[in-house]
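# Coordinate inspection notes
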Amino acid sequence: GADGLQKRELAIIEALRSSKSSKENVMSMALQQVCGGRHLQSVPVAHGLGWAIHDAIQFDAESESALSSLRYQLRGEFCCIFVVTTLFWIWRCFFELRNSLQLLDLFRICPTDCCNGINRKNGKALDLGSQVALLFIIVLRLILEAVLLIDGYFMNCETNCIMDLIMNAVALEFIFNVDDVAAIGLLSKRELEAMEPPPPPLHRESASPSVQKTRMSTSRWNICRPCRSPVRSWLKLFAVLLLTGMFSGARFFKVKSLHSRAFVACLTNGLTDGTSPLPDNAPEVVFPAPGFCASLVGAFSGLNGPNCWTWRNRLGEPLTNAICSNPGNIADAKWEQLLPMDEMGRQACTELWFGQGVPAGELVPALKYPGSFEPVAFGCRKEDLDIHSIRVIVPFYLTHEAHLARFRCRRPAYGPRSAVWSATSITSDEFIQPLYFFRYSDRSPLELQARSCENLPKVHGCGEDPCRVVTDSFHSTTCDEYCERHNLICAEAFAVSKGRTCAPGHRARSLNCLETQADKRRMLGCRCRLPPEERICGLLSNVYARCNHDPCKVLVSQFDRETGRPTNFRSCTDYCAMANLTCLAQLRVRQRSCEPDPRGSLLPCDDPLPKLSFDEYTVYSQMNASREFETSDEGDGEDEWASELTRLAIIENDSPERVCHCGSPGLVFASAKK
C-alpha cells in the first residue's frame, strides 16, 4: 500500500498547496505527479522569429502520475479482480471464524468412541483449567481473524496494480495457514493424528445414531451441528455477498472521488480539486495544467492535438503573436479510445477550447500564461466556471466520505464563443486583463499594443493590467495629474493600504481622479488610459505593429491573423475607412520595421499597398496543417517540416512595408461630446 490511495490523495493535496504558494502560472513538480510529466518540444522556425510548440503528457497505465493510476483502477478488469479477491477473502475469513466457533463443542461431554484418544477420562467434560485455556484460544483466534478481515481489506484497498492485488491475496492466505505450518514443524505425527477429526465409519449402519450425530457435529466442515434447512446456507451466502458489495463499492467510490478531484486539479492548474471553491487570489482566467487538454485531445479524440506557433516581429524583441492549429471539431470527434471515467475531462476540455465556432481550415486564437510567452488554446474566465462537489458517505473506508467533483465552463475565455469576441481593442480589457494577451493579438488592449503604460513610475503593479499601478507620487498629487504627465488620462483612482494587494477584486477605497490621498497609511493607486482621440484607433485591426507608441500609426499586416488569409486593403485610405477614420499619411518603412525607408518615407494616402508575396502566405497557411512533428535525434531542434517553414519564411525581395497614419478629428470630438 505504499503507492495506494492514501498516497494519491496526499499528492493531490500537495499539488494544491504548491500551486497556491507559487506566484507564477506554471506547472509545479507536485502537480506533475498528479497530472503526468509534461514533455514540451519547441522547434524554432523562421530563423529565430518564432517557435512551433508541441505538448505531450502520458495517459497510460505505466505512468507514475496519480491521475493515470486512478484511471487504471477504474477499469473494468481491475474492478472485477478486486471484487473476486475480496469475495474469496471474506469467504476465507468466515471459514476461519466457523472453525473457531467449532471449538466450542469441546466444552461438551466427549464420548469415548469419537474423540480419537483425546480426553478419554471416563467420558467426562474438560476440567476447569482446560476450559479456561480453550476459551482463551477461541477468543484470541476470533480477535486475530477479525483483525485480519479488516486489515486484509484495507491492504487490498491500497493496492493499485492487478499483479500486486493477486500477490496480496496470496500473502493473506498464507497468514491463515501459518498455524498449520507451525504445527507441522513442532508437533509429532502422533500428536497431529490425535488432533485430526475422527474418520467417517466404513459402514454407517455399524454406528449408533447418537454416535453418527456426534461425529457430524465434530466434523471439520460443519459449524456446530448439521444444517437442517437450506435457508441458513443461503443466509451465509447473502452475508458474504453483502459484505463484498459494501467493501467493493466503498473502494470504488473512493477511487472515483480521487479521480474526479485529480481531474479538477489538472483542469484548474492546481487551484482547487473541487472540494472547495476557487481561492480569492485565483487569476482572472483559469487555464488547465500546461499541455493537459491538448494531450488529452491528441490521445483519445482521434484528432491531432493542437500545435501552437509564437513569433516576433523582429529579432531580439519579445514574442508578439501566437496562433494554434485547428484539428477539427473536438465536440463531434469520435473519442473512440475514451473510457467512461474520462467523460468529465472530455466535456471540460471541449468547453475550454478556444476553437469552438472556428470554421474548418481557419486558425485558432491563443492567449498566454501571465509572466511568460507560452501560448494556450484552452481556458475559462473565473466568473464562467462552475466547480462543486457531491459528498458521498463511505462508511467502510478510512475517511468515511468521498467527494465527487464536478467541473463546468459556460463559455471559453477566448475565441468566437467567448464574451471578449464581441469587443475591440478599446473594450477588451473589460473582459480579460491585458497581460493574458499577446501584444499584437487583434483584440489585445490598445494600451498594451502601444506600450502606453510601459514607463509609468510606480511602487508596484496591480494584477495583470500594466496601466493599473500604485504610484510613487506624493500625497498632494492626484491621479489626473499623474496620468497627464505621461500623456494619458485617468480612468480610475483608489487608495490601498501599504503592504496590501491592489489587484482588481480586492478591497480598495475608491477616489475621484481629482482627489488627493491625504491618509499617510494608504498609497495612491491609479489606472491610466489613452485619451479618446487616440483610443478611437483601437478599432483598426490586422495590426502588425503600432509605431512610436502612437496607436494611430499602424504597420499594416498583409494577412488576417485569425484566418491566415491575405487581406485585401488596396491603400491606407481603404484601411482607415475600415474603422470610419481618414488617412492622415502613408509612410514607407523598412520591412517588418517602423524605421523610415532611406528612399523616402512620405507617400500619398491612395498609393497602393504592396501585395502579399506567395511565400509569405504559404508560411501562415502551412501553420494550420494538422501534422505532428518530433525533435530530431541530432538535437538540432529542426525536422524536415520545420526546415520547410524556415525556408518559406525567408522573403527574397526587399520590398518595403507601409505604415498607415489614421485619424479623424471630427469623429473624435463627436465621440467626446457623447
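Preceding block: the structure.
Computed from a prediction, not measured in an experiment: that's the story for all the values here.

## Some points on the overall build of the protein chain
Along its length, the protein chain carries 19 helices and 21 strands. Here the protein chain, with 674 residues, has 49% of them falling under the buried criterion. Accessible surface, the protein chain: about 33,600 Å² in total, of which carbon and sulfur atoms supply 57%.

## Structural notes on the nonpolar core
Formed by 68 residues in total, the largest nonpolar core has its most connected members in Leu-267, Phe-292, Leu-367 and Phe-378. In terms of nonpolar packing, the next biggest core, distinct from the first, is built from 25 residues, Tyr-440, Cys-537, Ala-545 and Cys-547 among them.

## Quick look at unusual backbone geometry
The phi angle at Asn-487 is positive, at roughly 60°, despite the residue not being glycine. On the secondary structure map, Asn-487 appears in the loop between α14 (479–484) and β14 (489–497). The backbone phi angle of His-549 is positive, close to 60°, even though this residue is not glycine. Secondary-structure assignment places His-549 in the loop between β17 (543–546) and β18 (553–556).

## A short note on the packing of aromatic side chains
One pass over the full model with this rule turns up 10 aromatic pairs. A centroid spacing of 5.3 Å and a plane angle of 80° characterise the contact between Tyr-414 and Trp-421, whose relative ring orientation is edge-to-face. The residues Tyr-414 and Trp-421 share a single accessibility class, namely buried. Here the aromatic cluster, defined as three or more aromatic residues joined through ring pairs, consists of Phe-354, Tyr-414, Trp-421 and Phe-437. Just above the ring of Phe-82 sits the side chain of Arg-251; from NZ or CZ to the centre is 5.0 Å.

## A few points about the pattern of salt bridges
The final tally for this structure, using the stated rule, is 17 salt bridges. With a closest N to O distance of 3.0 Å, Arg-75 and Glu-77 form a salt bridge. Judged by its relative accessible area of 38%, Glu-77 falls in the partly exposed class. Glu-492 is paired through a salt bridge with Arg-527; the nearest N and O atoms lie 3.2 Å apart. Here Glu-492 is found in strand β14, whereas its partner Arg-527 is found in strand β16 (residues 522–529), with 35 residues between them in sequence. What you see here is one network of salt bridges that share partners, running through Arg-92, Glu-96, Arg-141 and Glu-145.

## Here we look at a nonpolar patch on the surface
There is a patch of nonpolar side chains on the surface, built from Leu-135, Val-139, Ile-143 and Val-147 and spanning about 320 Å² of accessible area. With respect to the helices and strands, the residue Ile-143 is situated in helix α5 (residues 128–157).

## Some words on the environment of Arg-141
With respect to the helices and strands, Arg-141 occurs in helix α5. Between the alpha carbons of Arg-141 and Asn-99 there is a distance of 9.5 Å; along the sequence they are 42 residues apart.

## Brief notes about the packing of helix α10 (residues 230–267) against helix α12 (residues 343–352)
Contact pair α10 / α12: the axes reach a minimum separation of 11 Å and the direction vectors enclose 20°. Looking at the two axes, α10 sits roughly parallel to α12. The way α10 lies across α12 gives a crossing that is right-handed. Contacts from Ser-260, Phe-263, Val-264 and Leu-267 in α10 reach Met-344, Gly-345, Ala-348, Cys-349 and Leu-352 in α12.

## A closer look at the pairing of strand β21 (residues 657–663)
Across the seven residues that make up β21, a large majority, seven, are buried. Residues Glu-657, Val-659, His-661 and Gly-663 point to one face of β21 and Arg-658, Cys-660 and Cys-662 to the other, with burial holding for every one of them. Where β18 meets β21, three bridges bridge the pair, whose relative direction is antiparallel. Looking at the pairing, Leu-555 lines up with Val-659 of β21. Relative to β21, strand β19 (residues 582–589) is paired through seven bridges, and the arrangement is antiparallel. Residue pairing for β21: Thr-582 is matched across the bridge by Gly-663.

Conventions we followed
Residues numbered from 1 in each chain as written. Predicted model: local features only at pLDDT ≥ 70, side-chain atom pairs only at ≥ 80, totals over all residues. Heavy atoms only, no water. Helix = DSSP H or I, 4+ residues; strand = E, 2+ residues; numbered from the N terminus. Buried < 20%, exposed > 50% of the residue type's maximum accessible area, 1.4 Å probe, protein only. Areas by Shrake-Rupley, 256 points an atom, 1.4 Å probe, with all protein chains shown as cover. Core = buried A, V, L, I, M, F, W, Y, C linked by side-chain atoms within 4.5 Å. Phe/Tyr/Trp six-rings, centres within 6.5 Å; stacked < 30°, edge-to-face > 60°. Lys NZ or Arg CZ within 6 Å of the ring centre and 35° of its normal. Salt bridge = Lys/Arg side-chain N within 4 Å of Asp/Glu carboxyl O. Patch = residues over 30% accessible without salt bridge, like charges linked within 9 Å, V, L, I, M, F, W, Y side chains within 5 Å. Axes fitted to C-alpha atoms, helices over the stretch in contact; angles between N-to-C directions. Parallel < 35°, antiparallel > 145°, perpendicular 65-115°, else oblique. Left-handed = near helix turned anticlockwise from the far one by under 90°. Contact = heavy atoms within 4.5 Å. Pairing = 2+ DSSP bridges.

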